[in-house]
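Listed below, chain by chain, are the residues.
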Amino acid sequence: ILNVEQSPQSLHVQEGDSTNFTCSFPSSNFYALHWYRWETAKSPEALFVMTLNGDEKKKGRISATLNTKEGYSYLYIKGSQPEDSATYLCTTEIEDKLIFGTGTRLQVFP
Amino acid sequence: DVKVTQSSRYLVKRTGEKVFLECVQDMDHENMFWYRQDPGLGLRLIYFSYDVKMKEKGDIPEGYSVSREKKERFSLILESASTNQTSMYLCASRPRTGWLPYEQYFGPGTRLTVT
């Protein structure tokens, strides 16, 4: 059974704080790692799809890094805003299927 | 914009009923997926399909079946609904891209309650 672990489970921060989450995954047979943002009452939306060891991707205030050899990825949010409040899902891809972690629920208070 | 729609946002059914959850995507994607999401668990794959009339079991197919008669539509069927199938059901699609990984596009989910 392949496990994708995310930590922390939940996080409460003040507006303007920077934050980061961790995703750990089995490093054998690695193909790709995805990050999704899932806001309440909306569809999950892709943030990043990463494949290469050492890869770093950025979208606005959000960035992610990938270490495929040790099996972890970090997601960073710089200067959190209330609209960043969501559940952030990490998933690793094996043979065309995604295996999801349980997510990190972020709440940003104004 | 890719759009994945699901037939209902909320659904309440009785134990033993046959339930159909419909998913439609408008971007000609080959691959479609059905997941369920329960508190404390990650999204779990029920079934997926690579093309019309093709289906593959995911991690938790028991109690479910699927139908893909047209490329844009992927239906999840609960043959005889049970209370342990109360859950949030999410449909997703993505194109077949060969070796290149690609994001999945999700529908808004159907929250099913079986009483």
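**Section: unusual backbone geometry**
For residues that are not glycine, phi is negative in most cases, and the peptide bond is trans in most cases.
Thinking step 1. Cis peptide bonds are those with omega within 30 degrees of zero, and the linkage from Ser7 of chain A to Pro8 of chain A qualifies with -5°.
Thinking step 2. Tracing the backbone through its elements, the reader meets Pro8 of chain A in the loop between strand S1 (5–7) and strand S2 (10–14).
Thinking step 3. Phi at Ala41 of chain A takes a positive value of approximately 70°, unusual for a residue other than glycine.
Thinking step 4. Mapped onto the fold, Ala41 of chain A is located in the loop between strand S4 (32–38) and strand S5 (45–50).
Thinking step 5. If you check the backbone angles, Lys53 of chain B has positive phi at about 65° while not being a glycine.

**A few points about the pairing of strand S10 (residues 97–100) of chain A**
All names here are of chain A.
Thinking step 1. Strand direction decides the pairing type here: strand S9 (residues 86–94) and S10, joined by four bridges, are antiparallel. The residue bridging Thr92 from the neighbouring strand is Ile99, located in S10.
Thinking step 2. Between S9 and the antiparallel strand that follows it, S10, lie two residues; Glu95 among them carries a positive phi value of about 50°.

**Description of the state of the cysteines**
Thinking step 1. Summed over the entire model, instances satisfying the criterion amount to two disulfides over all chains.
Thinking step 2. Across a sulfur-sulfur distance of 1.8 Å, Cys23 of chain A and Cys90 of chain A are joined as a disulfide pair. Across the S-S bond of Cys23 of chain A and Cys90 of chain A the torsion is about -60°, and the bridge reads as left-handed. You can see Cys23 of chain A sitting in strand S3 (residues 19–24) and its partner Cys90 of chain A sitting in strand S9, a full 67 residues away along the chain. Taken individually, Cys23 of chain A and Cys90 of chain A each receive the classification buried, so the pair is uniform in this respect.
Thinking step 3. In this model Cys23 of chain B forms its disulfide with Cys91 of chain B; the gap between the sulfur atoms is 1.8 Å. Between Cys23 of chain B and Cys91 of chain B, the S-S torsion sits near -75°, and that sign places the bridge as left-handed. Residue Cys23 of chain B is located in strand S3 (residues 19–25), and its partner Cys91 of chain B is located in strand S9 (residues 87–94); the two are separated by 68 residues in the primary sequence.

**A short note on the interface of chain A and chain B**
Thinking step 1. On the chain B side, the residues contacting the 21 residues of chain A number 25 residues.
Thinking step 2. Regarding the contact of chain A and chain B, the summed buried area is about 1,700 Å², with carbon and sulfur atoms giving 59% of it.
Thinking step 3. The salt bridge partner of Arg94 of chain B is Glu93 of chain A, with a shortest N-O separation of 2.5 Å.
Thinking step 4. In this assembly, chain A and chain B are joined by five residue pairs in polar contact (both at pLDDT 80 or more).
Thinking step 5. Contributions of two or more residues to the side of chain A that touches chain B are made by S4, S5, S9 and S10 of chain A.
Thinking step 6. A total of four residues in the side of chain A that touches chain B trace back to one element, the largest contributor, which is S4 of chain A.
Thinking step 7. In terms of residue class, the side of chain A that touches chain B is built from eleven nonpolar, five polar and five charged.

**Looking at the pattern of salt bridges**
All names here are of chain B.
Thinking step 1. Tallied over the entire structure, the rule returns eleven salt bridges over all chains.
Thinking step 2. Ionic pairing is found between Glu79 and Lys18, a salt bridge with its closest N-O pair at 3.6 Å. Residue Glu79 is found in the loop between strand S8 (73–78) and S9, and its partner Lys18 is found in the loop between strand S2 (10–13) and S3; the two are separated by 61 residues along the sequence.
Thinking step 3. For Lys18, a relative accessible area of 46% puts it in the partly exposed group.
Thinking step 4. The partner of Glu30 in a salt bridge is Lys71, with the nearest N and O atoms 3.6 Å apart. Of this pair, Glu30 sits in the loop between S3 and strand S4 (31–37) while Lys71 is found in the loop between strand S7 (64–70) and S8, placing the two residues 41 residues apart along the sequence.
Thinking step 5. What makes Glu30 buried here is its relative accessible area of 18%.
Thinking step 6. Residue classification places Lys71 among the partly exposed positions, given a relative accessible area of 23%.
Thinking step 7. Three or more residues joined by partner-sharing salt bridges are found here, namely Asp28, Glu30 and Lys71.

What counts, and at which threshold
- The written sequence of each chain sets the order in which its residues are numbered from 1.
- For naming, the first written chain is A and the first written ligand is 1, with later ones following in the order written.
- In view of the model being predicted, local features appear only for residues whose pLDDT reaches at least 70, and side-chain atom pairs are presented and counted only at 80 or more, with totals across whole chains, interfaces and linings using the full set of residues.
- Water and hydrogen atoms were dropped before computing side-chain values, which therefore reflect all heavy atoms in the structure.
- A run of H or I in DSSP becomes a helix once it reaches four residues, and a run of E becomes a strand once it reaches two; helices and strands are each numbered from the N terminus.
- What makes two strands pair is DSSP finding at least two bridges between them.
- Here, two cysteine sulfur atoms that lie within 2.5 Å of each other are counted as a disulfide.
- For each residue, the accessible area found with a 1.4 Å probe, counting protein chains only, is set against the maximum for its type, and the residue is called buried under 20%, exposed over 50%, and partly exposed in between.
- Contacts are assigned to residue pairs with any non-hydrogen atoms lying within 4.5 Å of each other.
- The term buried area refers to how much accessible surface (probe radius 1.4 Å) is lost by two components on association, counted for both of them together.
- Salt bridges are defined by distance alone: a side-chain nitrogen of Lys or Arg within 4 Å of a carboxyl oxygen of Asp or Glu.
- Nitrogen and oxygen atoms within 3.5 Å of one another constitute a polar contact, given that in protein one can donate a hydrogen and the other can accept it, and given that sequence-neighbouring residues count only through two side-chain atoms.
- In this classification, Asp, Glu, Lys and Arg are treated as charged, Ala, Val, Leu, Ile, Met, Phe, Trp, Tyr, Cys and Pro as nonpolar, and every other residue, Gly included, as polar.

Just distances and angles here, no functional claims.
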